[in-house]
Amino acid sequence: MEKTISKRTAAKTKYVPYATERTQENSGGSTAIFIIGAVLATIFAASTAYSGMKAGLTVAAGIPGSIIGSGLVGVFAKKKGLFGKNLLQGMSSGGESIASGMIYVLPAIIIIGGRVNFFAGIAVGALAVLFAVGMASLVENYLLVEEDGKLMYPESTAISEALDASEAGGDALKHMGIGFGIGGVITLLTTQVFGWVNSVMTFVGSTSYRWKISTEVNPMLAGIGFVVGLDVSLTMFAGSILANFAITPLIAYFTQMAGGHAHVWNDVHMLMSQMNIDTVAGSYTKYIGAGMMLCGGIIGAIKLIPVIVTSIKKTLNARNNSGEEKNSLGIMALLVATIAIFIVGAFLTGNMVITILAGIMSLVLALLFVIVSARLAGTIGCSNAPVSGMTIASLVVMTLVFALMGWTSNTHNETLLLFGVFIVTAISVGGAYMQTQKVNYLVGGRRSEMMKYFLLAALIGVVVVVGTTVILSPQLAVKSADPPFGLPQANLIATLTTGILSGNLPWIMIIVGIIMALVCWMLNLPIMTVALGFYLPISTTSIILVGALLKLFIQKTTQNKELRETRLSAGVSLSSGLIAGGSIIGLIGIILHVTGVLQNRVPAGFAGSNAMAVVLLIIMAAAIIVPLMVIKHPAAKKQAE
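Residues numbered from 1 in each chain as written. Predicted model: local features only at pLDDT ≥ 70, side-chain atom pairs only at ≥ 80, totals over all residues. Heavy atoms only, no water.

As annotated in an unreviewed UniProt entry, the protein chain carries the name Oligopeptide transporter and comes from Lacticaseibacillus zeae DSM 20178 = KCTC 3804. Quoted verbatim from the Subcellular location (unreviewed entry) field of UniProt, the annotation for the protein chain is "Membrane". (UniProt positions renumbered as here; feature names shortened; annotations may be inferred.)

Spelled out as structure tokens, the structure:
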């Protein structure tokens, strides 16, 4: 496929796909593909929701989906071949895209003290899927065909090359299996499931310079660190260092001097002088982090203005292609979503004025940013798309309108956030759909067939993510300095909407965060990455850094370039397994605890000590490094065979 792609780019001629539609006629195996795809969509939706709410980071499912698909198609649906693998990567992305958007807003309903209604969540999410796919399909031919060679779709190209190199799927699938086993076993041992060993090491400074550092031995987070690499991980950890060793100790120092009448701003029953380090972090430092993320989101949205203008201009000027497939399904999906959002809104709110105004704003903002998201998939890919920035900008606009209209109660806030769920899900799905269809275009699959499979997978993802959120509600509602789920984006959105509507936003801390973000921008630092590290518990960012350092170890200790690339590629596959294993087993563990099948157990003695966590960390690091370091050079492997 690389030769085909390079030929197209150099000659600037019409792209000839890797295979033609004729090769998939009468291929059979569609039922098996749908069943496998539904399972993959479920797995990637659940694991992405879990890991995203835990760490605020998500990992695209296209490449892992293509790797797993290559192995499963060979076992269960050989007749579908390349096209079956292509459909599976599309369904994997469809399920994952729901979690990558919905987790930014849906948990915010729980944070503000509301309850996520399972059926309402499914209705809003399903309409967002229909709207995003329908809207993206209108510009699909233009972005995929007319802009071919201009929009490079980096992640789509990587996925299509992974599909082309299917013979590598066996080794990749093996390493994903190893990673799943490592992640699953370690998670089983910890308090997430059986609670046999302690997985968190904590050290606290209790003098006038008060600080706290902790690390959670979490294979899922280590896998994320390996995938995102040292630059991102180190930048996040720098944000945590700033929060935990500069800002929080400084605030704690001055609060000790407070008099007997100075109370914590959000807790009138607690004196400032009595706050411990966790309370200082939760009541003050986190709001500075929220200000940083707000500023980062706004700057990201401002940077998108040229992209928005260009996207709209080029879309309006796009020519219809006579050879384009009929888009009846996409148009029908768009019409259904546009009409149904007002029906569902009226049912949920019982107020036609709120329904009409919020519905119109949601449709306009979603339309605008779905086009932007679809185009960004062609320039920087979905993994790097500023979904949170577009969402923050949209919700700030809607919140200000709600405040001006006098809709300021907690019930109004829940309604606002439900419409926000529609917007963020549509944005995330729009980019993922366009990226998936680009892979389909490069491979030579039927566009209408991919649309059907993607839609089905995304709808499955909606059910899974809403269900996961409902199950995790007790854990998501926990408010502490080191909560079970960090929820940085959802906490920010809950803080903003609640603060603006109530007029009780802690503006001093928000402004300090904004100023710090502007300094990061002046220094050309990635604001949102620093802000995530500032906001998340250091126990999360430190283990992500450990994963990145393990990747660095592989890079530095493998001198041969080809062997190094082979090991790093295997490391990404193994890390995908770590993420899937850790998140899926962790989710199952929480379900068992919530239903009372397992009782909460706190390890005691050595098993509950910091030393136990250190031992577990060493074991996890060795379990990740050893399978990668034993990989031989491809040439030596061929000779041995």
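Further notes follow.
**Q** Lay out the overall build of the protein chain with the relevant residues and their values.
**A** Helix and strand counts for the protein chain stand at 25 helices and 4 strands. Sequence-distant contacts, at least 24 apart, represent 85% of the contacts inside the protein chain between residues at least 6 apart. With an accessible surface of roughly 26,000 Å², the protein chain has 66% of that area assigned to carbon and sulfur atoms. (Helix = DSSP H or I, 4+ residues; strand = E, 2+ residues; numbered from the N terminus. Contact = heavy atoms within 4.5 Å. Areas by Shrake-Rupley, 256 points an atom, 1.4 Å probe, with all protein chains shown as cover.)

**Q** Tell me what's going on with the side chain of T391, and back it up with residues and numbers.
**A** Relative to the helices and strands, T391 is located in helix α15 (residues 387–405). What makes T391 buried here is its relative accessible area of 1%. Apart from residues no more than four positions distant in its own chain, T391 is found in contact with V105, V424, I427 and I493. (Buried < 20%, exposed > 50% of the residue type's maximum accessible area, 1.4 Å probe, protein only.)

**Q** So what's going on with the pattern of salt bridges? Which residues, and what values?
**A** Any two side chains of opposite charge can pair, given that their charged atoms come close. This model, assessed by the stated rule, comprises 2 salt bridges. A salt bridge links E140 to R447, with the shortest nitrogen-to-oxygen separation between them at 3.3 Å. With a gap of 307 residues between them, E140 in helix α7 (residues 140–146) and R447 in helix α17 (residues 447–471) connect regions that are remote in the sequence. The same class applies to E140 and to R447, which are both buried. Of the charged contacts, one joins K212 and D278 as a salt bridge, the two residues approaching to 3.1 Å between their closest N and O atoms. Taken together, the positions of K212 in strand β2 (residues 210–216) and D278 in helix α11 (residues 277–303) put the pair 66 residues apart, joining distant regions of the chain. A residue is classified by how much of its surface remains accessible, and D278, at 31% relative accessible area, is partly exposed. (Salt bridge = Lys/Arg side-chain N within 4 Å of Asp/Glu carboxyl O.)

**Q** Lay out the confidence of the model for the protein chain with the relevant residues and their values.
**A** Overall, the prediction assigns the protein chain a mean pLDDT of 82, with 84% of residues at 70 or greater. Per-element confidence in the protein chain is highest for helix α24 (residues 610–629), whose mean pLDDT is 94, and lowest for helix α1 (residues 2–11), whose mean pLDDT is 38. Overall, residues 21–27 carries pLDDT values under 50, and its contacts beyond four positions in sequence, including any with other chains, amount to 13 contacts. (pLDDT = per-residue confidence, 0-100.)

**Q** Explain the packing of aromatic side chains to me, using residue names and the numbers behind them.
**A** Any aromatic ring pair is given by two values, namely how distant the centres are and how the planes are angled relative to each other. Inspection of every chain in the model, using the stated rule, returns 8 aromatic pairs. When the ring of F118 is compared with that of F119, the centres are 5.4 Å apart and the planes differ by 75°; the resulting orientation is edge-to-face. On the basis of relative accessibility, which here comes to 29%, the residue F118 falls in the partly exposed class. The interplanar angle of 15° and the centroid separation of 4.7 Å between the aromatic rings of F194 and W196 together place this pair among those described as stacked. For F194, a relative accessible area of 31% corresponds to the partly exposed category. (Phe/Tyr/Trp six-rings, centres within 6.5 Å; stacked < 30°, edge-to-face > 60°.)

**Q** A description of helix α21 (residues 527–535) should follow, citing residues and the corresponding values.
**A** Of all 9 residues in α21, 8 are buried, a share of seventy percent or more. All buried positions along α21 are accounted for by I527, T529, V530, A531, L532, G533, F534 and Y535.

**Q** Go over a nonpolar patch on the surface with me, naming the residues and quoting the values.
**A** On the surface, a nonpolar cluster with roughly 570 Å² of combined accessible area is contributed by W507, I511, I515, V519, L523 and L525. With respect to the helices and strands, the residue L523 is situated in the loop between α20 (507–522) and α21. Judged by its relative accessible area of 57%, L523 is exposed. (Patch = residues over 30% accessible without salt bridge, like charges linked within 9 Å, V, L, I, M, F, W, Y side chains within 5 Å.)

**Q** So what's going on with the packing of α15 against helix α19 (residues 488–502)? Residues and values would help.
**A** Running from amino to carboxyl end, α15 crosses α19 at an angle of 20°, the nearest separation of the two axes being 9 Å. Taken together, the axes of α15 and α19 are roughly parallel relative to one another. Handedness of the crossing formed by α15 with α19: right-handed. Here α15 contributes S388, T391, I392, L395, V396, T399, L400, F402 and A403 to the contact with α19, which in turn contributes Q489, L492, I493, L496, T497, I500 and L501. (Axes fitted to C-alpha atoms, helices over the stretch in contact; angles between N-to-C directions. Parallel < 35°, antiparallel > 145°, perpendicular 65-115°, else oblique. Left-handed = near helix turned anticlockwise from the far one by under 90°.)

**Q** If you had to explain the packing of helix α6 (residues 118–138) against helix α13 (residues 328–349) to someone new, which residues and values would you point to?
**A** Two elements in contact, α6 and α13, have axes separated by 7 Å at closest approach and are oriented at 150°. Taken together, the axis directions place α6 and α13 in an arrangement best described as roughly antiparallel. Our pair here, α6 against α13, has a crossing hand that is left-handed. In contact with A120, A123, V124, L127, L130, F131, G134, M135, S137 and L138 of α6, α13 contributes G330, I331, A333, L334, V336, A337, T338, A340, I341, V344 and L348. Looking at the contact of α6 with α13, its residues break down into 17 nonpolar, 4 polar and no charged. (Nonpolar A, V, L, I, M, F, W, Y, C, P; charged D, E, K, R; others polar.)

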